[in-house]
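Single-letter residue listing:
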Amino acid sequence: MSLKDELTQIRDEGLEQISHTDDLKELNDIRVHLLGKKGPITTALRSIKELPVEERPGVGSYANEIRDDLTNGLTARKEQLEDAKLEAQLESEQIDVTLPAAPVVQGQPHVIQQIIDEVVDLFLGMGYQVLTGPEVEEEKYNFEMMNLPKDHPARDMQDTFYITNDILMRTQTSPMQARTLEKHNFEEGPLKMISPGIVYRRDTDDPTHSHQFHQIEGLVIDKNITMADLKGTLVTMTHEIFGDKFDIRLRPSFFPFTEPSVEVDVTCFNCMGKGCDVCKHTGWIEVLGAGMVHPNVLNMAGVDSETYGGFAFGLGPDRFAMLKYGVDDIRDFYLDDVRFLNQFVKRGI
Ligand code: PHE
């Protein structure tokens, strides 16, 4: 067989091999074999020198042609195989966008927040402004301006977390009374405000108390405000939040910033007044403190206590939530067990 025929055979067999492989690695092996140093083309090219001189250029350029044919065949097949591989990968990694999505759980305000919202709505409707104040509070507003001087024994009842000697975590929302009184311009009208928020106390001796809980402060100051206004406001609120069957009872009490002061009880949700374990057989549950604002509080805030006066109250939304939903352990609100909290789902919000 002439060298030319041999080269033609090498090409035909080579192209045949190339077209039959489906594997990139095998294709590379074929390339190395055909075009490598020990491959048939190299061997053929080496034997050119044995040909008569005049035949050499013709066979030489034919050999180059054959090598180009094989190189092109290899490149084309490589591209084909790579495309096919990519295609297969795209196919296998396809995302099925028609699959139903995992359900999104819709959250809702915590039951205590729901109560706060209800109380705030009610007072907004009665013309109160809603204010919030700092939880990290000056000792001056938390105690001093609320008529609790430095060595006052009532400070013990509200032991708290001090940041410095003068700055503390507020023990009550009452400092908002002083802050608002300082700013209010009575020539523009009476002062009516409520202020919801979180308060802190170093309570350790009672498992039903948390070191952090909620309060809503209320304050009304104008000329000729009486205790009857306070009682009327509290009755209205009780009926709105709990229902008409619930009554209130005022008991004399003491707060340094009100005089006279009262403790306010609401009919026990559990026995409706008959007496049970929840209400310690009194028929009543204590829900808030209130009273007529002490003249010292007004004077310290720069308000003339001869002309102006009014009432203040501080209520616990946690207690309200217990009463409204008949929950007998306040700690349940803070355990964040969704099985408990989902009982208070507000539909349609
Ligand atoms: N600040 C009082 C407390 O935390 C509640 C209160 C507020 C009482 C306003 C009277 C008037 O116990």
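Here the structure is a predicted model, which means the values were calculated and not measured.

Cut-offs used in this document
Residues numbered from 1 in each chain as written. Predicted model: local features only at pLDDT ≥ 70, side-chain atom pairs only at ≥ 80, totals over all residues. Heavy atoms only, no water. Helix = DSSP H or I, 4+ residues; strand = E, 2+ residues; numbered from the N terminus. Buried < 20%, exposed > 50% of the residue type's maximum accessible area, 1.4 Å probe, protein only. Polar contact = N/O pair within 3.5 Å; in protein donor to acceptor, adjacent residues only side chain to side chain. Domains from an automatic or database assignment. Contact = heavy atoms within 4.5 Å. Pairing = 2+ DSSP bridges. Axes fitted to C-alpha atoms, helices over the stretch in contact; angles between N-to-C directions.

Take the environment of Asp 277 next. Inspection of the secondary structure puts Asp 277 in the loop between β7 (258-267) and β8 (284-293). Asp 277 sits in the exposed class, given a relative accessible area of 66%. In sequence terms Asp 277 and Asp 328 are 51 residues apart; their C-alpha atoms lie 9.7 Å from each other. There is a polar contact of 3.1 Å between the side chain of Asp 277 and the side chain of His 281.

Attention now moves to the domain arrangement of the chain. Entries for the chain in the domain assignment read domain 1 (3-92) and domain 2 (111-341). For domain 1 and domain 2, the distance between their C-alpha centres works out to 93 Å.

Moving on: helix α10 (residues 317-325). An α-helix turns once every 3.6 residues. As a result, residues three or four positions apart point the same way. Of all the positions in α10, only Pro 317, Asp 318, Phe 320, Ala 321, Met 322 and Leu 323 are classed as buried. Those residues of α10 that are buried lie in contact with α5 (111-125), β5 (212-222), α8 (227-241), β7, β8 and β9 (309-315). Where α10 terminates, the next one or two residues include Gly 326, which has phi positive at roughly 65°.

What follows is about the sheet that holds strand β4 (residues 191-200). Pairing between the strands of a sheet comes from backbone hydrogen bonds, and it takes one of two forms, parallel or antiparallel. Taking strand neighbours across the sheet as the criterion, the seven strands line up as β1-β4-β5-β9-β8-β7-β6 in an open arrangement whose pairing is mixed. At either margin of the open sheet sits one strand with a lone partner, and together these are β1 (129-130) and β6 (248-255). As paired strands, β6 and β7 are joined by seven bridges and run antiparallel to one another. Counted as the bridge partner of Arg 249 is Asp 265 from β7. Against the sheet, α8 makes contact with β6, β7, β8 and β9, and its axis sits at roughly 30° relative to β9, the strand it touches most.

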